[in-house]
Amino acid sequence: KAVTTVFQVVYFTALFPYVVLIILLIRGVTLEGARDGIEYFIGQQSDISKLYNGEVWRDAATQLFYSLSTAWGGLIALSSYNKFQNNCYWDSIVVSIINCLTSILAGFAIFSILGHMALVSGKKVPDVVDEGFGLAFIAYPDALARLPVSPLWSILFFCMLLALGLDSQFALIETLTTTIQDVFPKVMKKIRIPLTAAICAVLFLLGLPCVTQAGIYWVNLIDSFCGGWALLFAAVLELVAVIWIYGGNRVILDIEMMIGKKHWIFWLWWRVCWYFVSPVLLAAILIWSLVTYETTTYGGVGYPQWAIILGFLMVVFCLIWIPIIAIVKVIQAKGNIFQRIASCCRPAENWGPALVKNRGERYKDMKDDTVKEEDKGVEIHEIKGFDNVSFQRD
């Protein structure tokens, strides 16, 4: 029920930003100087030399991960509520295309108005464009304030940012609550609402330092390290775990159980991406950004050495649980060290579709360790398997 309510709210919070972007785009392209801003965004004035910077590629990769919720856990958590026969392949293609087109749309809307601001202030476009948070909270609001009827455009813009922020929080909070629900299904049925409120309260308190006078420096530090390198590390490890350990061919068979049998040519491109292109590209970006790393700065001011060390410690804290849990699982397994590692790299006996009717021949002999719950009058069977993530919550 909670997930259904969230989805209903998302219909507004996801669509409203598009309405605002289109309004701002129409207003922006009609302003004098808009062409210069667009040329800087994607045109002859673009600074192509930025592509030689590893930080730019890292930021681009993490932005894609963030906007698509890849490697954050959101995709696994929310997709587990889909019907078993849902065409996840088509969904992934459509969402990826819409995500990229949205970024382009936002770029045109933002830089058209920044181009006008450059003309009015008598500066070049690069001189009025700020990076990161400065673009959203300083440069662009300043540009909107120079337009006729400026309060209207400012209200629309910040309402759009609020809706986008709520969208992100829905996915992140639901990832936490869904994970807890998979581990403690009976308990979560009774305390889901209080627990969700408690999680929101704790995260709110943790976020208070980010709204102090030095808050923007904390936000930039956390975003640079936890939202950058930690995410890339997690993405590479996740890809290796799913494709190389669990097995890409197994993933294909699991997907075909949901969307139907496909010709081997259909999967050729995905095999190339899963086994080679994606891990090599991500590893290259990760290593490149580390090798070419320069001291983190904000507003032209470099961070002190203790802050850089703190940033790397945050990355370590985010990732250290992966080897810790791996060691615990190996210790708990039976046999010699090689047998233990091998058993930990295989799916659990109760890994498979949650509902018996969806298991088919592939999972007909799986261990039936179900937890029965009532949800909207329908009996729910949850199976916890590989890495304690339910294959299907129908």
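Above this text is the structure in question.
Residues numbered from 1 in each chain as written. Predicted model: local features only at pLDDT ≥ 70, side-chain atom pairs only at ≥ 80, totals over all residues. Heavy atoms only, no water.

Trainee: For this particular structure, what's the right way to read the packing of aromatic side chains?
Mentor: The geometry of an aromatic ring pair is captured by the separation of the ring centres together with the interplanar angle, meaning the angle of the planes. Tallied over the entire structure, the rule returns 15 aromatic pairs. Both rings, one in Tyr 89 and one in Trp 270, keep their centres 5.9 Å apart while their planes meet at 85 degrees; by these two values the pair is edge-to-face. Of this pair, Tyr 89 sits in helix 5 (residues 88–121) while Trp 270 sits in helix 11 (residues 264–291), and the two are 181 residues apart along the sequence. Judged by centre distance (5.0 Å) and plane angle (75 degrees), the rings of Phe 225 and Phe 312 are edge-to-face. Highlighted residues: Phe 225 in helix 10 (residues 215–259) and Phe 312 in helix 12 (residues 305–319), separated in sequence by 87 residues. Taking the relative accessible area as the measure of exposure, Phe 312 reaches 32% and is therefore partly exposed. By way of ring pairs, the aromatic residues Tyr 89, Phe 266, Trp 267, Trp 270 and Trp 274 are connected into one cluster. (Phe/Tyr/Trp six-rings, centres within 6.5 Å; stacked < 30°, edge-to-face > 60°. Helix = DSSP H or I, 4+ residues; strand = E, 2+ residues; numbered from the N terminus. Buried < 20%, exposed > 50% of the residue type's maximum accessible area, 1.4 Å probe, protein only.)

Trainee: What am I meant to see in helix 12 here?
Mentor: Two residues of an α-helix separated by three or four positions point the same way, owing to the 3.6 residues in each turn. In this model helix 12 runs 22 Å from its N-terminal to its C-terminal C-alpha over 15 residues, within 8% of the 21 Å that 1.5 Å per residue would give. Three or more residues of helix 12 are buried, namely Ala 307, Ile 308, Gly 311, Met 314, Val 315 and Leu 319. The buried residues of helix 12 occupy an angular sector of 125 degrees when the element is viewed end-on, so they sit on one face. Along helix 12, exposed side chains directed more than 90 degrees from the buried face belong to Gln 305, Trp 306, Leu 313 and Phe 317. Buried residues along helix 12 sit in contact with helix 10 and helix 13 (321–332). (Expected span 1.5 Å × (residues − 1). Arc of directions from axis to C-beta. Contact = heavy atoms within 4.5 Å.)

Trainee: I would appreciate a short explanation of the environment of Ser 80 in the present structure.
Mentor: Considering the arrangement of structural elements, one finds Ser 80 in the loop between helix 4 (74–79) and helix 5. Of the residues examined, Ser 80 reaches a relative accessible area of 6% and is grouped as buried. Between the C-alpha atoms of Ser 80 and Val 211, which are 131 residues apart in sequence, the distance is 34 Å. Polar side-chain contacts of Ser 80 include one of 2.5 Å to the backbone oxygen of Ala 77. (Polar contact = N/O pair within 3.5 Å; in protein donor to acceptor, adjacent residues only side chain to side chain.)

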